[in-house]
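Structural overview
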Amino acid sequence: MEKQGRMKMVSYALFLVALFQCSFLAVAILDPLDFLALQSIRKSLHDLPGSNFFASWDFTSDPCNFHGVYCDSDKVIALNLGDPRAGSPGLTGRIDATIGKLSALAEFSIVPGRIYGSLPQSISQLKELRFLAISRNFISGNIPASLGQLRRLKTLDLSYNQLTGEIPRSIGTLPELNNVILCHNHLSGSISPFLSKVLTRLDLKHNALTGSLAPDSLPPSLQSLSLSWNKLTGPVDKLLSRLDQLSYLDLSLNQFTGPIPDRLFSFPIKNLQLERNLFSGSVQPADQVTISTVDLSHNRLSGQISPMFSTVQNLYLNNNRFTGKVPASIVDQLLAGNIQTLYLQHNYLTGIEINPTADIPRSSSLCLQYNCMVTPVQTPCPFKAGNDKTRPIAQCSEFKG
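So, how was this worked out
Residues numbered from 1 in each chain as written. Predicted model: local features only at pLDDT ≥ 70, side-chain atom pairs only at ≥ 80, totals over all residues. Heavy atoms only, no water. Helix = DSSP H or I, 4+ residues; strand = E, 2+ residues; numbered from the N terminus. Buried < 20%, exposed > 50% of the residue type's maximum accessible area, 1.4 Å probe, protein only. Contact = heavy atoms within 4.5 Å. Areas by Shrake-Rupley, 256 points an atom, 1.4 Å probe, with all protein chains shown as cover. Lys, Arg positive; Asp, Glu negative; His and termini not counted. Charge placed at Lys NZ, Arg CZ, Asp CG, Glu CD. Pairing = 2+ DSSP bridges. Disulfide = S-S within 2.5 Å. UniProt positions renumbered as here; feature names shortened; annotations may be inferred. Polar contact = N/O pair within 3.5 Å; in protein donor to acceptor, adjacent residues only side chain to side chain. Salt bridge = Lys/Arg side-chain N within 4 Å of Asp/Glu carboxyl O. Expected span 1.5 Å × (residues − 1). Arc of directions from axis to C-beta. Core = buried A, V, L, I, M, F, W, Y, C linked by side-chain atoms within 4.5 Å. pLDDT = per-residue confidence, 0-100.

A separate point is the overall build of the protein. Secondary structure summary: the protein contains five helices and 27 strands in total. The C-alpha extent of the protein, read off along each of the three principal axes, is 125 × 40 × 30 Å. Burial statistics for the protein: of 401 residues in total, 48% are counted as buried. Taking the contacts inside the protein whose residues are at least 6 apart along the sequence as the reference set, 42% of them involve residues at least 24 apart. A total accessible area of about 19300 Å² is found for the protein, and carbon and sulfur atoms account for 54% of it. Taken as two groups, the 34 positive and 29 negative side-chain charges of the protein have centres that lie 4 Å from each other.

This is how it looks when you write it as structure tokens:
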């Protein structure tokens, strides 16, 4: 009888263990390593006042039901931290190194907030990662060179942070990169080649990058290129001639030199920003330019203004060394209201055929001051154009026939 009683007790105990295991599996199906990693990540991050993102992160329930956590079977495949709605205060804290334990993670993002500290080296362990976006926070330190181990990465967005140092050469070797957005940081050094044949967007504006760009340093697949507000130098005509898929190009506020390739104006660009560089030579597009905004101001461009620019809606050619007369076709389009902005001030232009009583549409802006002519029409100019209406005669003698 005693033996039978002991057997019943053992059987009951085994039943309770089995029941507990079944109950545990029903609630916590997540891989234990992923479960522990999420716990550590939660401890290192906090809601800013006004944010309630972590309210659902109750580890007595299934983590796959937490806000921002997406699972496939027993693994976390996406982690989107913070309330994505506009105006959300975001999160604060550091990114815990245990992020590298989420071995199936394909997407990792954090909404704008006050995340600080450096990027953990352990992110490079996420071999399945395709999307990494932590913008508009306070991430500091260098971009880990080990990110070059993320061979499946498609999007890298670390914009609007406090990152310093060089862009690792290893980043440029990633074969599947599609979007690289590192703008508004404190990055320095030169731009290493990007080898991805599917790269469509490269945004490095507002950094402290230096050096020149090799003719083959960027792939022809690029559709959007922004390098403005850096300290880049040297010619780019051979490089730009290869990038015939561009729809957006901004190289403004650098120190680029040499000519602007004429074929650039035949690319499917909607907005062309090349102002405030050291570009020189003449600009003679082969066909009518269909780019809506062309800004070539504050360079060293010379020669006559091409009539091919008459189809541009906003044309900024001011502060260059253009000579000769303004093409009649450009004047016609201005008076017809098809050109909304025509800035030609601070050049060496010698004439424009326009009736002094011409009615310039209110929607259009024309500035002609400080050229080698008396302006036939008085139109309001930008404040920065200054008060002088005409260049001194001594500066204009060689340009007048």
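With that settled, consider the pairing of strand β20 (residues 278-281). Where strand β18 (residues 255-258) lies against β20, two bridges are found, and the strand directions are parallel. Among the inter-strand pairings, Thr257 is bridged to a residue of β20, identified as Leu278. Bridge count between β20 and strand β22 (residues 300-304): two bridges; the pairing is parallel. Following the sheet pairing, Ser280 is matched in β22 by Arg300.

Overall, the coordinates contain three disulfides when judged by the stated rule. Note that Cys64 is cross-linked by a disulfide to Cys71, the S-S spacing being 2.1 Å. As the torsion about the S-S bond is roughly -95°, the Cys64-Cys71 disulfide counts as left-handed. Note on Cys64: relative accessible area 16%, which makes it buried. Judged by relative accessible area, which is 27%, Cys71 ranks as partly exposed. Listing the disulfide partners of the protein by sequence rank of the bonded cysteines yields 1-2, 3-5, 4-6.

As recorded in UniProt, the sites labelled "domain: Leucine-rich repeat-containing N-terminal plant-type" (unreviewed entry) are residues 34-72. The span residues 34-72 is 28% helical and 18% strand by assignment, and the distance between its end C-alpha atoms comes to 12 Å.

Tracing the sequence through the fold places Asn320 in the loop between β23 (314-316) and β24 (321-326). Engagement of the side chain of Asn320 in a polar contact is seen with the backbone nitrogen of Asn299, the distance being 3.2 Å. If we ignore the near neighbours within four places in the chain, the residues touching Asn320 are Leu296, Ser297, His298, Asn299, Arg300, Leu301, His346, Asn347 and Tyr348.

Next up on the list: the pattern of salt bridges. In the structure shown here, the tally under the stated rule is seven salt bridges. Counted as one network, the salt bridges with shared partners bring together Asp31, Asp34 and Lys75.

The next point concerns the environment of Gln345. By the secondary structure assignment, Gln345 is in the loop between β25 (341-343) and β26 (348-352). Note: C-alpha distance between Gln345 and Gln369 (24 residues apart in sequence) is 4.9 Å. Once you skip the residues sitting within four places of it in the chain, Gln345 turns out to touch Asn318, Asn319, Cys367, Leu368, Gln369, Asn371, Pro382 and Ala385.

Moving on, we get to helix α2 (residues 32-44). Taking 1.5 Å per residue as the helical rise, α2 with its 13 residues ought to reach 18 Å, and the 19 Å between its terminal C-alpha atoms agrees with that figure. Taken as a whole, α2 has its buried residues at Asp34, Phe35, Ala37, Leu38, Ile41 and Ser44. On its buried face, α2 sits against β1 (45-47), β2 (69-72), β3 (75-81) and β4 (91-93). The residue sitting at the N-terminus of α2 and contributing the capping side-chain oxygen is Asp31; that oxygen lies 2.8 Å from the backbone nitrogen of Leu33.

Buried residues of helix α4 (residues 328-335): Ile330, Val331 and Leu334, and no others. Projection of α4 onto a plane perpendicular to its axis shows the buried side chains occupying an angular sector of 100°, all on one side. Tucked inside the fold, the buried residues of α4 contact β24, β25, β26 and β27 (365-367). A positive phi of about 85° marks Gly337, the residue just after α4.

This next bit is on the nonpolar core. If you look at the biggest cluster of nonpolar residues, it comprises 99 residues, and the most contacted ones within it are Leu79 and Phe108. Those elements giving two or more residues to this core turn out to be α2, β3, β5 (107-110), β7 (131-134), α3 (237-242), β24, α4 and β26. For this core, the element with the most residues is α2, which contributes four residues. The contact partners of Phe108, leaving out residues within four places of it in the chain, are Leu79, Leu81, Ile95, Ile99, Leu129, Phe131, Leu132, Ala133 and Ile134.

Mapped onto the elements, Leu129 comes out in the loop between β6 (114-117) and β7. When its relative accessible area of 0% is taken as the criterion, Leu129 is described as buried. The spatial distance from the C-alpha of Leu129 to the C-alpha of Arg152 is 6.3 Å, given a sequence separation of 23 residues. Ignoring anything within four residues of it in the chain, the contact list for Leu129 reads Leu105, Ala106, Glu107, Phe108, Ile123, Leu150, Arg152 and Leu153.

A few words on unusual backbone geometry. The phi dihedral of Trp229 falls on the positive side, at around 55°, and the residue is not glycine. Mapped onto the elements of the fold, Trp229 is located in the loop between β15 (224-226) and β16 (231-235). Here His346, not a glycine, exhibits a phi torsion of approximately 60°, which is positive.

Attention now moves to the confidence of the model for the protein. Taken residue by residue, the protein gives an average pLDDT of 92. The fraction at 70 or more is 93%. Contacts from residues 1-28, a stretch scored under 50 in pLDDT, to residues over four places away or in other chains number three contacts.

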